[in-house]
Amino acid sequence: MSDADMLGLGGEYKYGFKDDINPILTTGEGLNEDIVRQISKAKNEPDWMLDFRLKSFKRYKEMEMPDFGPDLSGINLDRINYFRRDSDSVARNWEDVPDDIKKTFDRLGVPEAERKYLAGSSAQYESEVVYHNMREDFEKLGIVFMDTDSAVQKYPELVRKYFGKLIPPSDNKFAALNSAVWSGGTFIYVPKGVKTEVPIQSYFRINAGNSGQFERTLIIVDEGASVNYVEGCTAPNYSEDSLHAAVVEVNVLKDAYCRYTTIQNWSDNVYSLETKRAQALENGTMEWVDGNLGSKVTMKYPSVYLNGRGAHGTMLSIAFAGKDIVSDTGARMIHNAKDTSSSIVSKSLCKDGGRVDYRGKVRFARNSDGSFSHVECDTIILDEKSASDTIPFNEIKNGNVSMEHEAKVSKISEEQLYYLMSRGITEEKATEMIIMGFVEPFTKELPMEYAVELNRLIEYQMEGSVG
Amino acid sequence: MSTLEVKDLHVSIDGKNILKGVNLKMQTGEIHAIMGPNGTGKSTLSEAIMGHPAYKVTKGEVLLNGENILELPVDERARAGLFLAMQYPAEIPGVTNAEFIRGAINARLPEDKPLSVRNFLKRLDKTMGVLDMTDEMADRYLNEGFSGGEKKRNEILQLMMIKPKFAILDEIDSGLDIDALKVVSRGVNQMRGPEFGSLIITHYQRLLNYIVPDVVHVMMGGRIVKQGGPELAKRLEDEGYAGLRDELGLDIKLVDEEA
């Protein structure tokens, strides 16, 4: 490997760099029960968590790979590093964050000044959170915002009550794997009636090539409370396949509100197989905002279980699949109570042979009288080599519900191009404008710096798309 | 002074010949009107000059300052000084009107010297005032959900902001009530001057009461069959196209004519 490769500067990937960091503890490649015990021991976990991990590991070994979606045969589960630790403890102040890691964030363009704007910043580096800063007012409000490992130590009862309840290890093979080896991730608890306007934000990265990242996020928004959580990911380029198998559980209690925004731009060797699920109780609202721009393969179907009367769930997503990328994403809305409503808006783009499929599910259970769902899938295919499918699945067990589904797959409209070009705008710029306009319903929901970054990434990915 | 000349232009769409040898010459400082019955090729002429990909030029030339522009892509024709106010402008969701117009202006400026946002907004504000457009029109997505009248005003807004050498107005009066017609005309008249020429395509003489042309061309059956001054338009209004056709002894069936 050349120096440029080691620095990751050789690749095409914009943020494809990798800093030279010596892991302090690693369990090496592969996984067995012993390693699961080691992970738990290294974290000094209570017995119940060790038990949970061991049971999950057992399930994981028994379970089959998903029987639908993209080809996952490229993942070599024996070659993955399931755990590594870079720094000994969670840093409270920016000054305590190791220089190498700071450098990585500089390269990513995460300005220190952002901390003032953001409520707290918890950056996941490798498998553990190395930096964690929380604004004092939040602490005063009683909001708990920390890495999930620390939460296990500090709030064992709260964690135990919710952990693995929405997504049991038996849900799917990768959820079982995560449950066995999870590390890091975000824990948020917002007490009753506490509302936060400022988004809570964290950055995630995969660095060393083979290290899987198995973060585990657990959010509890108590009755009448409200929170807006934002995470963004970019990953360094690396020659070997990486696996990202996160589990995210969000509990939105009665009258509460949660928005969970994710932007992912994994490098094109990452398998991103995530399980994200939320439940919304009576009059609660859960909103997923989910953008996927990279990865070799993405499988992700955030869901909302509408378990209380009047609960509301939304999913707004954008997927961009370039060369050799397969994006198989969608949403699931499960109407389990009366007068619940849901909305799914999925925007997809593919080019250079990328494949972007929507796979979604809406289920109206027997007791879902008066419920409503609206699904809208819009795709632009930018060239002949690329492809897209819409695979909706609806299960309706109640006659008194309504559901709308609209799907549109198109190319860049010639009439739109002609119109913009007739005003002197070049074809390349006009195409970019149309694409930006297409994703605008998504970007306008993002915090400003994310919108800027997303626009920059799309611009970058669109470069050279007009011949 | 700039010139625009159409020479023996033949154009077909989907294999059907629409224009069968159009000749026309104009210069900046002049306003020309093209009148003619439905289905006679007026819009085809304007789209062919602008370069719509569906319209195939099979013969002839379009010269801007003596240079044939038919080989140029649409955006280069526009930057060379052409503008077409379209009958059915496309809707572009997610792109604001202001952002689009600024993009169009900046496309004409060196990349490192774009029009500042402040100066742009000042100009935009003023121009929208002339056209009785509300502020929110700047922030709305381009043509999306615009009424017919709003679309027409917006075309004229672009015209006034971009300041082309030659503007073709394709039935800018269709679907406008009298008040909107006056507003649109006010915009075009404000553009009048030695550096601006316009080719106005219309069915009706009404628009020409507000924008008085220097030359009127009558088009029928894919050719220009008569030229004259503003009085020609008035005559057509009184006598209709059929009268002129019969006087000229043309064997052309008018689309709207009853069999």
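Residues numbered from 1 in each chain as written. Chains lettered and ligands numbered in written order. Predicted model: local features only at pLDDT ≥ 70, side-chain atom pairs only at ≥ 80, totals over all residues.

**Student:** So what exactly am I meant to see when it comes to the overall build of chain A here?
**Tutor:** Within chain A, the regular secondary structure consists of 12 helices and 24 strands. Expressed as a percentage of the 467 residues in chain A, the buried residues total 55%. (Helix = DSSP H or I, 4+ residues; strand = E, 2+ residues; numbered from the N terminus. Buried ≥ 20, exposed ≤ 12 C-beta atoms within 10 Å, placed from the backbone.)

**Student:** It is not clear to me how the sheet that holds strand β6 (residues 82-85) of chain B should be interpreted in this structure. Could you clarify?
**Tutor:** Backbone-to-backbone hydrogen bonds pair the strands of a sheet. The strands run either parallel or antiparallel. Residues and elements named next belong to chain B. Strand order across the open sheet formed by 6 strands is β6-β9-β10-β3-β11-β12, with mixed pairing between neighbours. Strands with a single pairing partner mark the edges of an open sheet, and in this sheet they are β6 and β12 (223-228). Each strand of the sheet is rotated relative to its neighbour by a mean of 20°, with strand direction disregarded. Examined bridge by bridge, strand β3 (residues 31-35) and strand β10 (residues 197-202) share 5 bridges and lie parallel to one another. Bridged to H32 within β10 is L199. Lying on the sheet, helix α9 (residues 230-248) is in contact with β3, β11 (215-220) and β12; it crosses β11 at an angle near 25°. (Pairing = 2+ DSSP bridges. Axes fitted to C-alpha atoms, helices over the stretch in contact; angles between N-to-C directions. Contact = placed C-beta atoms within 7 Å.)

**Student:** Looking at this structure, how should I read the domain arrangement of chain A?
**Tutor:** As a measure of interface size, the accessible area lost when the parts come together is often cited. Residues and elements named next belong to chain A. Under the domain assignment, chain A is made up of domain 1 (3-300) and domain 2 (414-467). Each partner contributes to the interface: domain 1 provides 11 residues, whereas domain 2 provides 9 residues. When contributions to the side of domain 1 that touches domain 2 are tallied by element, the ones reaching two or more residues are β9 (226-234), β12 (257-265) and β14 (285-292). No other element matches the 3 residues that β12 contributes to the side of domain 1 that touches domain 2. By residue class, the composition of the side of domain 1 that touches domain 2 is 5 nonpolar, 4 polar and 2 charged. (Domains from an automatic or database assignment. Nonpolar A, V, L, I, M, F, W, Y, C, P; charged D, E, K, R; others polar.)

**Student:** Just checking my understanding: could you explain the sheet that holds strand β1 (residues 3-13) of chain B for this structure?
**Tutor:** Residue and element names in this part refer to chain B. An order of β2-β1-β4-β5 is seen for the 4 strands of this open sheet, with the pairing classed as antiparallel. Single-partner strands in this sheet number two, and they are β2 (16-27) and β5 (67-68). Summarising the sheet, β1 and strand β4 (residues 55-64) pair through 8 bridges and their orientation is antiparallel. In the strand pairing of β4, S12 is matched with K56.

**Student:** So what exactly am I meant to see when it comes to the packing of helix α10 (residues 414-421) of chain A against helix α11 (residues 427-443) of chain A here?
**Tutor:** Any two packed helices are characterised by the angle at which their axes cross and by the distance between the axes. Residues and elements named next belong to chain A. For the pair α10 and α11, the least separation of the axes is 9 Å and the interaxial angle reads 125°. When the axes of α10 and α11 are compared, the pair comes out oblique. Where α10 crosses over α11, the two elements pack in a sense that is right-handed. Here Q416, L417, L420 and M421 of α10 lie close against α11, whose contacting residues are E427, A430, T431, M433 and I434. Residue composition of the contact of α10 with α11, grouped by class: 6 nonpolar, 2 polar and 1 charged. (Parallel < 35°, antiparallel > 145°, perpendicular 65-115°, else oblique. Left-handed = near helix turned anticlockwise from the far one by under 90°.)

**Student:** Got a minute to help me understand the UniProt feature "domain: SUF system FeS cluster assembly SufBD N-terminal" (unreviewed entry) in chain A in this structure?
**Tutor:** UniProt's feature table lists "domain: SUF system FeS cluster assembly SufBD N-terminal" (unreviewed entry) at residues 140-201 of chain A, given in the numbering used throughout. The straight-line gap between the two end C-alpha atoms of residues 140-201 of chain A is 18 Å; of that span, 40% is helix and 18% is strand. (UniProt positions renumbered as here; feature names shortened; annotations may be inferred.)

**Student:** Explain the interface of chain B and chain A here, please?
**Tutor:** Each side of the interface is counted separately: chain B has 20 residues, and chain A has 20 residues. Counting residues per element, the ones that place at least two in the side of chain B that touches chain A are α2 (74-80), β7 (92-96), α3 (97-106) and α6 (148-162) of chain B. For the side of chain B that touches chain A, the class distribution of residues is 13 nonpolar, 4 polar and 3 charged.

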